[in-house]
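Observations on chain architecture
Each chain, letter by letter, is given below.
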Amino acid sequence: MKRVLKFFGNHLKHMDKVIPVICIGLTVFDIFLVNSMVKPGFVDEHAVKVQLAAAILGICAAGVISLIDYKFISKCWFVIAPIALILQLLVWTPLGVRRDDDLAWLEIGPLSIQPSEILKFVFIITLATHIHKIGDKINSPKHLLPLLAHGLFPAGLIMIQGDAGSGLVFVFIFVVMLFSAGISWKYIVAGIACVPPILYVAWNFIMQDHHRKRILILFDKEMQEQEILDAYMQQYNGTICLGSGQLKGLGFTNTDNYHWTFEINNDYVFSYIGMTMGFIGCMAVVLVLMVLCLKILSDASGAQDKLGKMICTGVFALLFFHCVINIGMVLSVVPVIGIPLPFISTGGTAMLMMHACMGLVLSVSAHKEKEKHMFYTEKD
């Protein structure tokens, strides 16, 4: 028993303590927000229960993952990768559920799961492992091409299923991790040169009319007025909600008189924060998320090996992209692509897996400190 207590005490001593405090704080804030949103036609009490259960499971998962050496987790890629991929492919079976034209959910009994969130977690582990194994040979064409396939396959799979937003998350994670791994500038320049023809093909042959309209409407005031009851309605209502709180917000009482919008508990939760807590509340949330991103980058720079650095970089890219795109959607500066705000938007799978990703960062941080401690003890 003493050995067990000593192990946990050692782990807590060396583990990054800022990240769990921020994540748990954001989670408690999220439960409070969702509970205050309960209103017929918008949010029901079931959403609160799901979010609470996912939060508890997520915090427990982060704690367990932090205890496991990230090197061991990396070695288990051949077990977790097929499981995540099979879950993603199951959306094409009768278990798959289509919502808002996206075939992105599984319904297994009473449970509703979004497998792409699980795949993001696994993708960070497998790509970090792949980059670590390649090492300094990353700029060799025979190693770079399989790496490109590794990065683009899940993104393509998700996009085929109609979830373009999640597909872009995979692309961003891949690009950031590749850049952090030290890919040559000649490949970066070549990649940038390929962007215009890719965008041309996507715009003319892949994107549907409603996708193009979501982009064009951001720059065309006339179209916004024409589509205010259709394509632009959600962003328009979200902007009204966001600005209605002005500096200090309208508070959480008597919400029946507030201006609400659909998905206010999910994609547009930042609008609700602005409405109830005002500009001050919004800036506080942005500041906390910014500190979390910077702390993860700090752990990446302090990692003892490339594997740990890549894992932290991947988690940073995931968190950063979600935050920027979600807030950008509410501010009407990016098109609506269904990206939730980490730890705050509702969604059980997203909440659980975001905590799991933080567990990976904590594992890198904790085991780095343990290695340092062991080294200096032996040296002394």
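Notes on the structure in this doc start here. This structure is a prediction, so every number in the text was calculated from the model and none was measured.

1. Thoughts on the nonpolar core
Core analysis: the largest hydrophobic core is formed by 101 residues, its most contacted members being Phe 121, Leu 292, Ile 296, Leu 319, Phe 343, Ile 344 and Met 358. Examining the composition of this core, we find that 15 residues originate from one element, helix 14 (residues 306-330), more than from any other. For Ile 344, the residues in contact, after removing those within four places along its chain, are Leu 26, Phe 29, Asp 30, Leu 33, Asn 265, Val 269, Ile 273 and Val 285.

2. Looking at the packing of aromatic side chains
Under the definition given, this model contains ten aromatic pairs. When the centroid spacing of 6.3 Å and the interplanar angle of 55° are considered together, the rings of Phe 252 and Tyr 272 count as tilted. A residue pair is termed long-range when its members are at least 10 positions apart, and Phe 252 in the loop between helix 12 (233-244) and helix 13 (269-301) and Tyr 272 in helix 13 qualify at 20 residues. Looking at Phe 252, the relative accessible area reads 27%, which means it is partly exposed. According to the relative accessible area criterion, Tyr 272 is buried, its value standing at 0%. Site record: aromatic cluster; members linked through ring pairs are Phe 172, Phe 316, Phe 320 and Phe 321.

3. Let's talk about the sheet that holds strand 2 (residues 102-108)
Adjacent strands of a sheet form backbone hydrogen bonds with each other and so pair up, either parallel or antiparallel. Reading across the sheet, the three strands line up as 1-2-3 and stay open at both edges, with antiparallel pairing between neighbours. For this open sheet the edge positions go to strand 1 (96-99) and strand 3 (111-113), each flanked by a neighbour on one side alone. Ignoring strand direction, the axes of neighbouring strands in this sheet form an average angle of 40°. Two elements, strand 1 and strand 2, share four bridges in a ladder whose sense is antiparallel. Within strand 2, the residue paired with Arg 99 across the bridge is Asp 102.

Reading guide: rules and limits
Residues numbered from 1 in each chain as written. Predicted model: local features only at pLDDT ≥ 70, side-chain atom pairs only at ≥ 80, totals over all residues. Heavy atoms only, no water. Core = buried A, V, L, I, M, F, W, Y, C linked by side-chain atoms within 4.5 Å. Buried < 20%, exposed > 50% of the residue type's maximum accessible area, 1.4 Å probe, protein only. Helix = DSSP H or I, 4+ residues; strand = E, 2+ residues; numbered from the N terminus. Contact = heavy atoms within 4.5 Å. Phe/Tyr/Trp six-rings, centres within 6.5 Å; stacked < 30°, edge-to-face > 60°. Pairing = 2+ DSSP bridges. Axes fitted to C-alpha atoms, helices over the stretch in contact; angles between N-to-C directions.

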